[in-house]
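One-letter residues, chain by chain:
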Amino acid sequence: VRKARAGENARLNIDSADEEEKTGGKTMSVPEGQRSKGKLAIETETEKLLQYIFDVTTKYYLPPENAEDKKTTHDKITEFANARWLADHMRSEILSCLANIQTANKIVIEDNASFYERRKYQSQAERAVENVLTSATLMYRRKLIKSKRIKYIGTQIGHVKRMIQNWRKSDKARYTNANKK
């Protein structure tokens, strides 16, 4: 058993040396064996939510029915304008969330400054996704979004928010462990 562990440790040391050589001595945020292929899972989930929000809010970018009709009331036009403003806000916030996730993911944690910069973008992404929920809730209260849609949006937002929180926790644990060595 000891020989097997010693061989395993030697292999890990060689792998670590190879990794340092590949990255120019810089330590990557996530060790190579733990990296997933393709996009970050949270990025993919946020893109799905973004697409859903764009699909749900598309109708607010078309003129209201009978907009040219002189009998269309001022209230209907005002309600349409309010709905479009909320739809714009939802779209803007989900795009902001995605942009912050992508920016945070590009930052390689090498020191305190890079750790806190990455954390700042993660926090901004979390706030943006919370703002999406606020806008969606307002749209639901004004009866602009059906209950099944708000439930789906709320569930997805909760999922994305948990993923951001877990990402922050894993970064903190990884960075704390790297500093101990």
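Here the structure is a predicted model, which means the values were calculated and not measured.

Description of the overall build of the chain
Inference 1: The number of helices and strands found in the chain is five helices and zero strands.
Inference 2: From first element to last, N terminus to C terminus, the chain shows the α and β order α-α-α-α-α.
Inference 3: If you take every contact in the chain between residues at least 6 apart in sequence, the share linking residues at least 24 apart comes to 78%.
Inference 4: In the form shown here, the chain has an accessible surface area of approximately 12,300 Å², with 52% of it arising from carbon and sulfur atoms.

Observations concerning the packing of helix α3 (residues 74–106) against helix α4 (residues 112–141)
Inference 1: Between α3 and α4, whose axes approach to 8 Å, the crossing angle comes to 160 degrees. On the basis of their axis angle, the class for α3 and α4 is roughly antiparallel. Crossing of α3 over α4 shows left-handed handedness.
Inference 2: Within the contact of α3 with α4, the residues separate by chemical class into 16 nonpolar, nine polar and two charged.

A short note on unusual backbone geometry
Inference 1: Although it is not a glycine, K143 adopts a positive phi angle of roughly 60 degrees.
Inference 2: Along the chain, the position of K143 falls in the loop between α4 and α5 (147–180).

With respect to the confidence of the model for the chain
Inference 1: Overall, the predicted model of the chain reaches an average pLDDT of 79, with 71% of residues at or above 70.
Inference 2: Highest mean pLDDT in the chain belongs to α4 (95); lowest belongs to helix α1 (residues 2–22) (42).
Inference 3: Predicted confidence for residues 1–28 stays below pLDDT 50, and this span has eleven contacts to residues more than four positions away or in other chains.

Let's talk about the nonpolar core
Inference 1: Judged by nonpolar contacts, the single largest core of 32 residues is most densely connected at I42, M90, C97, I101, M139 and I164.
Inference 2: Listed by contribution, the elements that provide at least two residues to this core are α2 (41–57), α3, α4 and α5.
Inference 3: Per-element tally for this core: the top contributor is α3, with nine residues.
Inference 4: Beyond its immediate stretch of four places on either side in the chain, I164 contacts I42, C97, I101, Q122, A125 and E126.

Let's talk about α4
Inference 1: End to end, α4 covers 44 Å across 30 residues, agreeing with the expected 44 Å (1.5 Å per residue, within 8%).
Inference 2: Immediately downstream of α4, the backbone of K143 shows phi near 60 degrees, a positive value.

Cut-offs used in this document
- Residues numbered from 1 in each chain as written.
- Predicted model: local features only at pLDDT ≥ 70, side-chain atom pairs only at ≥ 80, totals over all residues.
- Heavy atoms only, no water.
- Helix = DSSP H or I, 4+ residues; strand = E, 2+ residues; numbered from the N terminus.
- Contact = heavy atoms within 4.5 Å.
- Areas by Shrake-Rupley, 256 points an atom, 1.4 Å probe, with all protein chains shown as cover.
- Axes fitted to C-alpha atoms, helices over the stretch in contact; angles between N-to-C directions.
- Parallel < 35°, antiparallel > 145°, perpendicular 65-115°, else oblique.
- Left-handed = near helix turned anticlockwise from the far one by under 90°.
- Nonpolar A, V, L, I, M, F, W, Y, C, P; charged D, E, K, R; others polar.
- pLDDT = per-residue confidence, 0-100.
- Core = buried A, V, L, I, M, F, W, Y, C linked by side-chain atoms within 4.5 Å.
- Buried < 20%, exposed > 50% of the residue type's maximum accessible area, 1.4 Å probe, protein only.
- Expected span 1.5 Å × (residues − 1).

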